[in-house]
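Each chain is listed here by its residues.
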Number of protein chains: 2
Amino acid sequence: MIRITREADYGILLMTGLAQAEGQPRSAAALAQQRRLPLPMVGKILKALTRAGLLNSQRGAQGGYSLARPASEISAADIIGALEGPLAITECSSERHDGCARQDHCEVSGHWPRINQAIYSALQGISLDDLSQPNPPRPLHFHPLHPTGVHQLDRPI
Amino acid sequence: MIRITREADYGILLMTGLAQAEGQPRSAAALAQQRRLPLPMVGKILKALTRAGLLNSQRGAQGGYSLARPASEISAADIIGALEGPLAITECSSERHDGCARQDHCEVSGHWPRINQAIYSALQGISLDDLSQPNPPRPLHFHPLHPTGVHQLDRPI
DNA sequence: CGCAAATAGAACTAATCCAGTACTGATTAG
DNA sequence: CTAATCAGTACTGGATTAGTTCTATTTGCG
């Protein structure tokens, strides 16, 4: 499967929590409790989101976090990118390509960027607002409709 | 970043190699040498792709692997899915949801499938044929144009 | 027939990476 | 001034990945 870290997973949860709070700052502790997530982890993630400019933080008593801009202007790509670094799928496509020993033989140089681009666009098209709708029409267990007889494992990797 | 394993990375390399061979079977050793990849790894990956139905294999002397269907009918999603299991981003979205302890609080249930769907569609739209074109217009170092002052790390995660 | 070339499959290991924790410091409301 | 809250860094146990090794099986060819 394509994998993102749990940080990004939690990050989306926390962001939707903040989206529902509409402007009012909420403390890390409150969010952790609401989402039943481990507090230290939540703190860490919120800090990262703040550093990335997606959240405003207010220190001190009565402080907390709030969205830096409207939920409709924050995309899934923003959140995931903030927590996992720039969106890029392989080393080869994200690092300076100069060092790639296989450069001459792999001829790939061109297509990972294309795949990244496709995924990035897909994630950009999903706003935090969308994600905050409590119950979208849900195809709950999404199974790729492998059009070709690809063997379907029944567990994730 | 969104991450796929090196297996999938190599898998795409090998598939493009086979796409160029147009029907003629090629041995694991030949492909490994062409792409400068470790042979045992190549063997492992080709076996997996065969099991998934994307390749045909011919044992014995003069044997090798060949595409099971035309390159235009194999998508990036097929290849990645074959090597990494069904496309799914988080445990939560790929496992039986019954066991999810946070089910009641997270309200996420709906949106990972949506994100998965978006990514899956993106990958489905890219065929092996596309990937085999030697030099597509390449935005080589794809940098998300973080529209908002998102901090841009200069290394992948 | 029998050898050599090839794939099939499973088991194993070392290294890397992630999730989560702990601790110390800085800021601010009351 | 003190308690609440965010900021930042360092550390650890466990999981996952990358890659190897070994054995079995199949098949073309002399």
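Refer to the structure presented above.
Worth saying up front: this structure is predicted, and the values here are computed from it rather than measured.

So, the packing of helix H1 (residues 6-21) of chain B against helix H2 (residues 28-35) of chain B
Residues and elements named next belong to chain B.
- For the pair H1 and H2, interaxial distance at closest approach is 10 Å and the crossing angle is 110°. With respect to their mutual orientation, H1 and H2 come out roughly perpendicular. Contacts from Leu13, Leu14 and Gly17 in H1 reach Leu31, Gln34 and Arg35 in H2.
- For the contact of H1 with H2, the class distribution of residues is 3 nonpolar, 2 polar and 1 charged.

Focus on helix H3 (residues 39-51) of chain A
Residues and elements named next belong to chain A.
- End to end, H3 covers 18 Å across 13 residues, agreeing with the expected 18 Å (1.5 Å per residue, within 8%).
- Buried within H3 are the following residues: Val42, Ile45, Leu46 and Leu49. Projected down its long axis, H3 carries its buried residues within an arc of 100°, all on one side.
- Next to the buried residues of H3 lie helix H1 (6-21), helix H2 (28-35), strand E1 (55-58), strand E2 (64-67) and helix H4 (76-84).
- Looking one or two places after H3, you find Gly53, whose phi comes out positive at around 90°.

Thoughts on the protein's contact with DNA strand D
- DNA strand D sits among 27 residues. The nearest are Thr5, Arg6, Pro38, Pro40 and Gly60 of chain B.
- For the surface near DNA strand D, the secondary-structure elements that each account for two or more residues are H2, H3 and E2 of chain A together with H1 and helix H3 (39-51) of chain B.
- Taken together, the residues of the surface near DNA strand D break down into 9 nonpolar, 10 polar and 8 charged.

A short note on the packing of H1 of chain A against H4 of chain A
Residues and elements named next belong to chain A.
- Viewed as axis vectors pointing N to C, H1 and H4 meet at an angle of 135°, and their least axial separation amounts to 9 Å. What the angle tells us is that H1 and H4 run oblique. For the crossing formed where H1 meets H4, the hand is right-handed. Across the interface between the two elements, Glu7, Ala8, Gly11, Ile12 and Met15 of H1 pack against Ile79, Ile80, Leu83 and Glu84 of H4.
- By residue class, the composition of the contact of H1 with H4 is 6 nonpolar, 1 polar and 2 charged.

Procedures and definitions
Position numbers for residues start from 1 in each chain and track the written sequence from start to end. Ligands are numbered from 1 and chains lettered from A, in the order in which they are written. For this predicted model, a pLDDT threshold of at least 70 governs which residues receive local features, and a threshold of 80 or more governs which side-chain atom pairs are given and counted, while totals over whole chains, interfaces and linings are taken from all residues. Note on geometry: axes are C-alpha line fits, over the in-contact stretch for helices, and angles between N-to-C directions span 0 to 180 degrees. Secondary structure follows DSSP: runs of H or I at least 4 residues long count as helices, runs of E at least 2 residues long count as strands, and numbering of each begins at the N terminus. When describing relative orientation, an angle under 35 degrees is termed roughly parallel and one over 145 degrees roughly antiparallel, while 65 to 115 degrees is termed roughly perpendicular and anything else oblique. Throughout, a pair of residues is in contact if the C-beta atoms placed from their backbones lie within 7 Å. Throughout, the ten residues Ala, Val, Leu, Ile, Met, Phe, Trp, Tyr, Cys and Pro are labelled nonpolar, Asp, Glu, Lys and Arg are labelled charged, and all others, Gly among them, are labelled polar. A helix is expected to span 1.5 Å multiplied by its residue count minus one. Each residue is classed by its C-beta neighbour count within 10 Å, where at least 20 other C-beta atoms makes it buried, 12 or fewer makes it exposed, and intermediate counts make it partly exposed; the C-beta atoms are placed from backbone geometry. Note that the arc is defined by the directions from the helix axis to the C-beta atoms. A residue counts as near a molecule or strand when its C-beta atom, positioned from the backbone, falls within 6 Å of it. Crossing handedness: left-handed means the near helix sits turned counterclockwise from the far one by under a right angle, and right-handed means the same turn made clockwise.

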